[in-house]
Amino acid sequence: MGMGIENKFGVTQSTCYFVAFILSFFVCIPSGVNVDDFDGHCLLSASGHWEKASTPSFILNIYEWGPESACNFTIFLGVICLIISLFYCCWTCVLLARGVQSTWLDSFINLIVNVIICICLFSTALTVSIGFQDWCRLLTHPVSGVRHCDDGQYVELGIPAQVHTSRFYIHWRMVEFGLWCSWIFWLVLAVMSLVRQYSFHRQEAFLTSINRERQRLLQRVGHPPETA
């Protein structure tokens, strides 16, 4: 890549990482707060049924909450994305300020990280979207009297008192927004990393790049370079 194109490429990358950093807060904070509101329970894909109470109304009886791993991994992924996006945003800005390009090894590691994060975000976004739809379907059962899922925040569901349901809809809609938007930006970053890696490949063969980086790392730790 030419230097001008490389600078534009770096600015775009750093901007995407900064946006991904902001979006990470939409994932980890609302999901964490909701798990705390639900006394450590996960509402995603929870199952239960509505029972007739002593009054004419019905109460929701939860006989199995959703898997805790679904909510905990969402929080974990949000924190990981926050840390990695902040690191790469600062790293890219430092390279731009110094006017240097990343090495082949740095670019290759960046590609692997972006692809892994992108896959994790897509699978987690699907899990959250489907799990939250199951919860809303349970709340809006015909006997419940709840017409819309967000109305479930304002009615008495009959769930134990330590579970606070007043903000669940806002929380998980924010998480969905954060996950899907983050996935889009990390997908863009993965494609950009692939383009950068392809530009390295056009300059020299893959095995040659690996061997050159190995020699460079050996020199860093004080070993003499190997001769073919």
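As the structure is a computational prediction, the values presented were derived from the model and not from experiment.

Quick look at the packing of aromatic side chains now. For the coordinates displayed, the defined rule picks out 16 aromatic pairs. Ring geometry for Phe38 versus Trp65: centroids 5.7 Å apart, planes at 85°, classification edge-to-face. Taken together, the residues Phe38 in the loop between α1 (3-37) and β1 (42-52) and Trp65 in strand β2 (residues 58-66) connect sequence positions 27 residues apart. A centroid spacing of 5.2 Å and a plane angle of 70° characterise the contact between Phe87 and Tyr88, whose relative ring orientation is edge-to-face. On the basis of relative accessible area, Tyr88 is assigned to the buried category, the value being 7%. Put simply, the rings of Phe38, Trp65, Phe132, Trp135, Phe168 and Tyr169 touch in pairs and so form one group of aromatic residues.

The next thing to look at is the state of the cysteines. Under the defined criterion, the tally for this structure stands at two disulfides. A disulfide bridge connects Cys42 with Cys71, and the sulfur atoms are separated by 2.0 Å. Between Cys42 and Cys71, the disulfide has an S-S torsion of 75° and is therefore right-handed. Of this pair, Cys42 sits in strand β1 while Cys71 sits in helix α2 (residues 68-98), and the two are 29 residues apart along the sequence. Residue classification places Cys42 among the buried residues on the basis of a relative accessible area of 1%. Owing to a relative accessible area of 1%, Cys71 belongs among the buried residues under this scheme.

Cut-off values and rules
- Residues numbered from 1 in each chain as written.
- Predicted model: local features only at pLDDT ≥ 70, side-chain atom pairs only at ≥ 80, totals over all residues.
- Heavy atoms only, no water.
- Phe/Tyr/Trp six-rings, centres within 6.5 Å; stacked < 30°, edge-to-face > 60°.
- Helix = DSSP H or I, 4+ residues; strand = E, 2+ residues; numbered from the N terminus.
- Buried < 20%, exposed > 50% of the residue type's maximum accessible area, 1.4 Å probe, protein only.
- Disulfide = S-S within 2.5 Å.

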